[in-house]
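Listed below are the residues making up each chain.
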Amino acid sequence: MNMIFLGPPGCGKGTQAKRLEDRCGMVQLSTGEMLRAEVSSGTKIGLKAKDIIEAGKLVVDDIVVDMIDRRLDGAISSAGFILDGFPRTVSQAKSLDHLLKKRDMSLDQVVEFRVNEEVLVKRITGRYSCADCHHGYHEEYQKPKVPGTCDQCGGTKFTRRAEDNEGTVRSRLMEYHAATAPIVDFYDERGVLISIDGMAEIAHITEQLETIIG
Ligand code: AMP
């Protein structure tokens, strides 16, 4: 099953993609994570992308399309891929069609996560992760069991994404409505779109997604 998770930043698509990766052997392809890795390694792409990401704007299509092009082959032998954060423009969606066609791959399902945006702002501005294993936490909703210590690896250093502040979150939401929301119609017209309640419990959403995957 090859899928796209669609929804505004912080809607939970990354969390769910990771859970399905562990449970179903699918491959998560997150352009946001790929870009952050480029930024922290100080590559040419990273240097170009850093300010754009921190301003909550979109990186140019060519860069992200190329990153996906290089990663798709690795997903062929898996139980399928989950695109998380890509495509983000109609032009990226058209490029994806091309990338899949040349590999004889298909897109089976696009899942739209519907959310309340004010709750979303709270979710994003409170989130942080373990600096070692990247396990995610939230100041209010998901604290480590022992304060200051990662539940997963025992690490004691935590990081926050530079772009997870309120100003940037608001501009990412504006970008979402202007550039990304039109993709919902693009896939709806093809009959591959399904919408789910992104505000439901994490475990409940995973169960729903597993039913969709079958
Ligand atoms: P994310 O982790 O998916 O929220 O992505 C973080 C940031 O990376 C976004 O706010 C954009 O600046 C950039 N980004 C990630 N994916 C894309 C994409 N498909 N197109 C353009 N910019 C992207």
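As a reminder, the structure under discussion sits directly above these lines.
Scope of this entry: the structure provided in the associated data block. (Residues numbered from 1 in each chain as written. Predicted model: local features only at pLDDT ≥ 70, side-chain atom pairs only at ≥ 80, totals over all residues. Heavy atoms only, no water.)

1. Description of the packing of aromatic side chains
Put simply, the test is: We call Phe, Tyr and Trp rings a pair once their centres come within 6.5 Å, taking the six-membered ring for Trp, and we label the pair stacked below 30 degrees between planes, edge-to-face above 60, and tilted otherwise. Secondary structure elements are defined from DSSP: runs of H or I of at least 4 residues count as helices, runs of E of at least 2 residues count as strands, and each element is numbered from the N terminus. Categorising residues by exposure relies on relative accessible area from a 1.4 Å probe, with only protein chains included: less than 20% of the type maximum marks a residue as buried, more than 50% marks it as exposed, and the intermediate range marks it as partly exposed.
Within the structure shown, the criterion is met by five aromatic pairs. Ring centres of Phe5 and Phe113 lie 5.2 Å apart, and the angle between their planes is 55°; on these two criteria the pair is classed as tilted. Note that Phe5 is positioned in strand β1 (residues 3–6) and Phe113 in strand β4 (residues 109–114), a separation of 108 residues in sequence. Across the pair, exposure class does not vary: Phe5 and Phe113 are buried alike. Judged by centre distance (5.6 Å) and plane angle (80°), the rings of Tyr128 and Phe158 are edge-to-face. Of the two residues, Tyr128 is situated in strand β5 (residues 127–130) and Phe158 in strand β7 (residues 158–159); the sequence distance between them amounts to 30 residues. Each member of the aromatic cluster is reached from another via a ring pair, and the members are Tyr128, Tyr137 and Phe158.

2. A look at helix α1 (residues 13–24)
The condition that has to hold: Helices are assigned an expected span. That span is 1.5 Å times one less than the residue count. Here the arc refers to the directions that run from the helix axis out to each C-beta atom. Residue contacts are defined here by distance: any two heavy atoms, one from each residue, within 4.5 Å place the two residues in contact.
If you check α1, its first and last C-alpha atoms are 16 Å apart, about what twelve residues at 1.5 Å a residue would give, namely 16 Å. Of the positions making up α1, those classed as buried are Lys13, Gln16, Ala17 and Leu20. With its buried residues spanning 100° around the axis, α1 presents them on a single face. Against the buried residues of α1 lie β1, β2 (27–30), β3 (81–84), β4 and α9 (202–213). Of the residues flanking the end of α1, it is Gly25, one or two places downstream, whose phi is positive at about 70°.

3. Here we look at the packing of helix α2 (residues 31–41) against helix α4 (residues 61–72)
As a reminder of what qualifies: Helix axes are fitted only over the stretch in contact, all axes being lines through C-alpha atoms; the angle between N-to-C directions runs from 0 to 180 degrees. Any angle that falls under 35 degrees is termed roughly parallel, while one over 145 is termed roughly antiparallel, one within 65 to 115 roughly perpendicular, and all others oblique. Gly is put with the polar residues, along with every residue not named as nonpolar or charged; the nonpolar set is Ala, Val, Leu, Ile, Met, Phe, Trp, Tyr, Cys and Pro, and the charged set is Asp, Glu, Lys and Arg.
Where α2 meets α4, the axes come as close as 10 Å, and the angle between the chain directions of the two elements is 100°. Taken together, the axes of α2 and α4 lie roughly perpendicular to each other. Of the residues in α4, those touching α2 at Thr31, Met34, Leu35 and Glu38 are Ile63, Val64, Met67, Ile68 and Arg71. Each residue belonging to the contact of α2 with α4 can be placed in one class, and the counts come to six nonpolar, one polar and two charged.

4. Section: the sheet that holds β5
As a reminder of what qualifies: At least two bridges found by DSSP between two strands is the condition for calling them paired.
Ordered by their spatial adjacency, three strands build an open sheet running β6-β5-β7, and the pairing between neighbours is antiparallel. Either end of the sheet is taken by a strand with one partner, and the two such strands are β6 (136–138) and β7. Pairing geometry for β5 and β7, over two bridges, is antiparallel. Bridge pairing in β7 places Cys130 opposite Phe158.

5. Thoughts on the side chain of Glu112
Within the secondary structure, Glu112 sits in strand β4. A relative accessible area of 10% means that Glu112 is categorised as buried.

6. Here's the deal with the nonpolar core
Soluble, globular proteins show a tendency: their nonpolar side chains are buried together. Filter applied, for reference: What makes a nonpolar core is a set of buried Ala, Val, Leu, Ile, Met, Phe, Trp, Tyr and Cys residues whose side-chain atoms join them at distances within 4.5 Å.
Grouped together as the largest cluster of nonpolar side chains are 32 residues, with contacts concentrated most on Ile4, Leu35, Ile68, Phe81, Leu83, Val110 and Tyr187. Among the elements that make up this core, the one with the highest residue count is α4 (six residues). Those residues in contact with Ile4, other than ones at most four positions away along the chain, are Leu83, Phe86, Pro87, Leu96, Leu107, Gln109, Val110, Val111 and Tyr187.

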